[in-house]
Amino acid sequence: MANPRFEEVKMAAASAVTGEDLHSVYTGLVHKDGRHEYYFGNDTEAASELREAAAVQLGMLLRVLADYSNSDIEEITDLAVERAEQMKQR
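Everything numeric in this text was worked out from a predicted model, so none of it was measured. (Residues numbered from 1 in each chain as written. Predicted model: local features only at pLDDT ≥ 70, side-chain atom pairs only at ≥ 80, totals over all residues. Heavy atoms only, no water.)

Novice: Report on a nonpolar patch on the surface, specifying residues and quantitative values.
Specialist: Where nonpolar side chains cluster on the molecular surface, the patch consists of Y26, Y38, F40, L50, L61 and L65 and spans about 600 Å² of accessible area. Looking at the nonpolar patch, the elements that each hand over two or more residues are β2 (36–42) and α2 (47–69). In terms of residues, the nonpolar patch owes the most to one element, α2, which gives 3 residues. Inspection of the secondary structure puts L61 in helix α2. (Patch = residues over 30% accessible without salt bridge, like charges linked within 9 Å, V, L, I, M, F, W, Y side chains within 5 Å. Areas by Shrake-Rupley, 256 points an atom, 1.4 Å probe, with all protein chains shown as cover. Salt bridge = Lys/Arg side-chain N within 4 Å of Asp/Glu carboxyl O. Helix = DSSP H or I, 4+ residues; strand = E, 2+ residues; numbered from the N terminus.)

Novice: Describe unusual backbone geometry, with residues and values.
Specialist: In this structure, N70 is a non-glycine residue whose phi angle is positive, near 55 degrees. Within the secondary structure layout, N70 lies in the loop between α2 and α3 (73–89).

Novice: Can you break down the side chain of T44 residue by residue, with the values?
Specialist: One can find T44 in the loop between β2 and α2. Within polar-contact distance, the side chain of T44 engages the backbone nitrogen of A46 at 3.0 Å. A polar side-chain atom of T44 sits 3.2 Å from a polar atom in the side chain of E49. Among residues more than four places away in sequence, those in contact with T44 are H23, E49 and L50. (Polar contact = N/O pair within 3.5 Å; in protein donor to acceptor, adjacent residues only side chain to side chain. Contact = heavy atoms within 4.5 Å.)

Dropping the structure here:
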């Protein structure tokens, strides 16, 4: 395995999503064969709360990906928009 911490991170994430005090959850999985899978849920039906939770999650993901990939947020954002558009077309 290329990243020796990967198993540790997977176990920590699995444990965290079972918490009782969660308001919003997003887990995106990318399999080695290229399949994508995601789980998204929020403890609200209000559109404004949903947008805010989604924006916070997206911001966290962008920040982490930029840091870990030595890229800037704009590069990651542009690539993410391209991929989202491709997913919409499927």
